[in-house]
Amino acid sequence: LKRAARLAPAPCRWNSGLPVNIGVLFVPQQEAWVVERMGKFHRILEPGLNFLIPLLDRIRYVQSLKEIVINVPEQSAVTLDNVTLQIDGVLYLRVMDPYKASYGVEDPEYAVTQLAQTTMRSELGKLSLDRVFRERESLNASIVDAINQASDCWGIRCLRYEIKDIHVPPRVKESMQMQVEAERRKRATVLESEGTRESAINVAEGQKQAQILASEAEKAEQINKAAGEANAMLVKARAKAEAIQLLAAALAQQHGNAAASLSVAEQYVNAFSKIAKDSNTVLLPANTGDVTNMVAQALGIYTTLTKPQAVKTQDELPRTHEDSQSPATEVLKAEQGSSS
């Protein structure tokens with residue numbers, strides 16, 4: 001019964017309610033009345049006032065020039081990947097030539113509906129199930145072009161065709177739902193992995209920058225420390241050089257050697273007094289009690305080191321008879337007298 005209802009012709013709009021010829025007729029706007037005279041096509045009445053001969057002229061067809069909406073019944077179609085779909089649509093038509101629409105086809109509406117159904121099945125057979133949902137606009141355009149090519153001789157033009165509903169079998173729908181869920185899980189996994197990768201990259205970049213900055217800071221610290229040590233060494237060297245210059249100048253003066261000998265003796269005595277205070281291990285000379293001999297040894301070492309300078313000083317400045325005696329001898333004599 002459903003198939004019989006789907007194949008039954010649609011209700012006709014062109015032959016219903018034909019007006020009776022009374023001689024004077026008023027044609028409504030957007031309508032075209034086809035008049036036959038003695039069974040032969042005579043003319044098409046335009047909207048407004050028209051006159052006809054009764055009994056000879058007969059209004060055979062009434063064509064509406066408005067846009068007509070036709071509901072295309074639901075039908076089954078098989079896609080390229082052998083999936084059966086239940087699909088229906090809406091067809092928008094307009095009569096462009098009332099003469100062809102009246103005499104070109106017996107039932108234009110039914111003919112266009114059947115053409116739309118067959119074209120829809122043909123176009124769906126060229127597409128897979130996924131492409132049917134993605135290319136609905138191109139599918140509609142293909143159906144419109146196919147209808148217009150066939151309906152040109154009928155005086156009818158198809159303006160638009162729209163697919164209303166596409167019903168998929170339950171099992172296929174479940175498979176599609178599973179595919180969608182799998183695709184979403186895949187996207188989630190990919191996004192999560194990309195996020196993890198970006199996080200790892202950011203952490204690595206941060207560690208790299210931190211190491212670079214730390215190494216640069218350590219480098220700058222070492223440079224600053226080295227510069228500071230170098231400056232300190234230069235300052236110490238300058239101070240020591242000035243001290244040596246001052247000491248040399250002082251030694252070059254009169255009785256400078258005697259003062260140097262006295263300073264060495266004092267330092268030796270102070271160093272000897274600190275023995276056994278800083279450490280338990282002590283190295284003592286054999287003649288520890290003979291201080292005079294120790295001082296004489298220290299002065300002898302100093303005299304040996306300063307002998308070239310003394311010779312040069314004697315060459316430059318002649319010594320007097322009073323200074324002929326060595327200052328070291330005088331110091332030794334003074335110390336021997338004090339010790340005795």
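Computed from a prediction, not measured in an experiment: that's the story for all the values here.

1. Some remarks on the overall build of the chain
Then, in step 1: When helices and strands are counted, the chain shows ten helices and eight strands.
Then, in step 2: Within the chain, buried positions represent 24% of all 340 residues.
Then, in step 3: Within the chain, contacts between residues at least 6 apart in sequence are counted, and of these 68% link residues at least 24 apart.
Then, in step 4: Of the accessible surface of the chain, which amounts to about 23,400 Å², a share of 56% is contributed by carbon and sulfur atoms.

2. Thoughts on the nonpolar core
Then, in step 1: With 32 residues, the main nonpolar core has Leu-91, Ile-147 and Tyr-161 as its most contacted residues.
Then, in step 2: Of all the secondary structure elements, the ones that give two or more residues to this core are strand E6 (67-78), strand E7 (84-95), helix H3 (108-124), helix H4 (129-134), helix H5 (136-151) and strand E8 (156-167).
Then, in step 3: Ranked by residue count, the leading element in this core is H3, at six residues.
Then, in step 4: In this view, Ile-147 contacts Leu-91, Val-112, Leu-115, Ala-116 and Cys-158; residues no more than four positions away in its chain are not counted.
Then, in step 5: Judged by nonpolar contacts, the second largest core, of eight residues, contains Val-27, Leu-45, Ile-59 and Val-62.

3. Side note on the confidence of the model for the chain
Then, in step 1: Mean pLDDT for the chain: 78, with 75% of residues reaching 70 or above.
Then, in step 2: Within the model, pLDDT remains below 50 along residues 1-16, and this stretch shows 28 contacts once partners closer than five positions in the same chain are excluded.
Then, in step 3: Every residue in residues 316-328 is under pLDDT 50, and counting partners more than four places away or in other chains gives nine contacts.

4. Focus on the pattern of salt bridges
Then, in step 1: Under the criterion given, the structure shown has six salt bridges.
Then, in step 2: Between Lys-126 and Glu-123 there is a salt bridge, with the nearest N and O atoms lying 3.8 Å from each other.
Then, in step 3: Between Glu-135 and Arg-131 there is a salt bridge, with its nearest N and O atoms 3.2 Å apart.

5. Quick word on the sheet that holds strand E2 (residues 31-37)
Then, in step 1: Taken in spatial order, the three strands line up as E3-E2-E5 in an open sheet, and their pairing is antiparallel. The open sheet has two edge strands, strand E3 (40-45) and strand E5 (57-64), and neither has a second partner. Averaged over all adjacent pairs, the angle separating strand axes in this sheet is 25°, with direction ignored.
Then, in step 2: Two elements, E2 and E3, share five bridges in a ladder whose sense is antiparallel. Counterpart to Trp-33 in the pairing with E3 is Leu-45.

6. Some words on the sheet that holds E6
Then, in step 1: Strand order in the open sheet made by the three strands is E6-E7-E8, with antiparallel pairing throughout. At either end of the open sheet lies a strand with only one pairing partner, and these are E6 and E8. Between one strand axis and the next, the sheet turns through 20° on average, direction left out of account.
Then, in step 2: Across ten bridges, E6 lies against E7 in antiparallel orientation. Paired with Ile-70 across the bridge in E7 is Leu-91.
Then, in step 3: Strands in contact with H3 are E6, E7 and E8; relative to E6, the strand with the most contacts, it is inclined by about 40°.

Criteria and thresholds
- Residues numbered from 1 in each chain as written.
- Predicted model: local features only at pLDDT ≥ 70, side-chain atom pairs only at ≥ 80, totals over all residues.
- Heavy atoms only, no water.
- Helix = DSSP H or I, 4+ residues; strand = E, 2+ residues; numbered from the N terminus.
- Buried < 20%, exposed > 50% of the residue type's maximum accessible area, 1.4 Å probe, protein only.
- Contact = heavy atoms within 4.5 Å.
- Areas by Shrake-Rupley, 256 points an atom, 1.4 Å probe, with all protein chains shown as cover.
- Core = buried A, V, L, I, M, F, W, Y, C linked by side-chain atoms within 4.5 Å.
- pLDDT = per-residue confidence, 0-100.
- Salt bridge = Lys/Arg side-chain N within 4 Å of Asp/Glu carboxyl O.
- Pairing = 2+ DSSP bridges.
- Axes fitted to C-alpha atoms, helices over the stretch in contact; angles between N-to-C directions.

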